[in-house]
Amino acid sequence: MQPVAHQHDSEMSATDKLNTVPVSGPKLETALKVLAALPAHLRMRPAAQALALQAYASEAGFEEEFASAALHARVTALAKWTAVHDPDRQSDAKSVLEAAARFSLGDTEPGIGFEAGGFRELVLFIDDLPW
């Protein structure tokens, strides 16, 4: 998940830069709540989402330059994965959030997202952990 140590920042892809931001399941869950709290007419606007997540990242003490973009990318990747692979939301919500916080973002056909099979395996693995 971490970039290769010898890569210079300017040589890293956007996806690699997003993957350098450490995110926890609870922080990702809060980011989802921040977006859900947006007024209905702003909820589906990426610019409004970005502003809300910038404010949250600042308040939450994220120090990384790309924190709000990383949160936005993970929330979006999670929404894409859920829509296709778990539309009835049968997976354990905590396991899905923990997986979304940890699984590396990648370049997929519809844009930055999670590799579906590997993500599902991580959800199932986390689900089996004795929390």
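Residues numbered from 1 in each chain as written. Predicted model: local features only at pLDDT ≥ 70, side-chain atom pairs only at ≥ 80, totals over all residues. Heavy atoms only, no water.

(A) Fine view of the overall build of the protein. Scanning the protein from terminus to terminus reveals seven helices and two strands. The order of helices and strands in the protein, counted from the N terminus, is α-α-α-α-α-α-β-β-α. Computed over its C-alpha atoms, the radius of gyration of the protein comes to 15 Å, within 12% of the 14 Å expected for a compact globule of 131 residues. Along the longest, intermediate and shortest principal axes, the C-alpha atoms of the protein span 40 × 40 × 30 Å. Within the protein, buried positions represent 36% of all 131 residues. Once local pairs closer than 6 in sequence are excluded, the contacts in the protein between residues at least 24 apart make up 61%. (Helix = DSSP H or I, 4+ residues; strand = E, 2+ residues; numbered from the N terminus. Rg over C-alpha atoms; globule rule 2.2 N^0.38 Å. Buried < 20%, exposed > 50% of the residue type's maximum accessible area, 1.4 Å probe, protein only. Contact = heavy atoms within 4.5 Å.)

(B) Here's a closer look at the nonpolar core. Membership of the largest hydrophobic core comes to 31 residues, with the highest contact counts inside it found for Val 23, Leu 28, Phe 62, Leu 71, Leu 78, Phe 114 and Phe 119. Broken down by secondary-structure element, the contributors of at least two residues to this core are helix H2 (25-36), helix H4 (46-59), helix H5 (67-85), helix H6 (93-102) and helix H7 (116-127). The element that contributes the greatest number of residues to this core is H5, accounting for eight residues. For Leu 78, the residues in contact, after removing those within four places along its chain, are Leu 32, Val 96, Leu 97, Ala 100, Phe 114 and Phe 119. (Core = buried A, V, L, I, M, F, W, Y, C linked by side-chain atoms within 4.5 Å.)

(C) Quick peek at the packing of H2 against H6. Following both chains from N to C, one finds H2 and H6 inclined at 100°, their axes separated by 8 Å at the closest point. Between H2 and H6, the angle is such that the two are roughly perpendicular. Contacts from Gly 25, Pro 26, Leu 28, Glu 29 and Leu 32 in H2 reach Leu 97, Glu 98, Ala 100 and Ala 101 in H6. Counted by class, the contact of H2 with H6 contains six nonpolar, one polar and two charged residues. (Axes fitted to C-alpha atoms, helices over the stretch in contact; angles between N-to-C directions. Parallel < 35°, antiparallel > 145°, perpendicular 65-115°, else oblique. Nonpolar A, V, L, I, M, F, W, Y, C, P; charged D, E, K, R; others polar.)

(D) How the structure looks around H5. The terminal C-alpha atoms of H5, which comprises 19 residues, lie 26 Å apart, in line with the 27 Å expected from a rise of 1.5 Å per residue. Where H5 is concerned, the buried positions are Ala 67, Ser 68, Ala 70, Leu 71, His 72, Ala 73, Arg 74, Val 75, Ala 77, Leu 78, Trp 81 and Thr 82. Those residues of H5 hidden inside the fold are in contact with helix H1 (14-19), H2, H4, H6, strand E2 (111-113) and H7. (Expected span 1.5 Å × (residues − 1).)

(E) Local environment of the packing of aromatic side chains. A full pass over the atoms with the stated rule returns five aromatic pairs. On the numbers, 6.3 Å between centres and 70° between planes, the contact of Tyr 56 with Phe 62 is edge-to-face. Comparing Tyr 56 with Phe 62, the two get one shared label, buried. Between the aromatic rings of Phe 114 and Phe 119, the centroid separation amounts to 4.5 Å while the plane-to-plane angle is 5°, which identifies the pairing as stacked. (Phe/Tyr/Trp six-rings, centres within 6.5 Å; stacked < 30°, edge-to-face > 60°.)

(F) Region of the structure containing the packing of H5 against H7. Their axes nearest at 11 Å, the elements H5 and H7 cross at an angle of 90°. Looking at the two axes, H5 sits roughly perpendicular to H7. On H7, the residues that touch Leu 78, Trp 81 and His 85 of H5 are Ala 116, Phe 119 and Arg 120. Each residue belonging to the contact of H5 with H7 can be placed in one class, and the counts come to four nonpolar, one polar and one charged.

(G) Broad picture of the side chain of Gln 49. The residue Gln 49 is located in helix H4 in this model. Gln 49 gets classed as buried once you look at its relative accessible area, which sits at 14%. Apart from the residues lying within four places of it in its own chain, the contact partners of Gln 49 are Leu 35, Leu 38, Arg 43, Met 44 and His 72.

Purely spatial values, then, with no claim about function.
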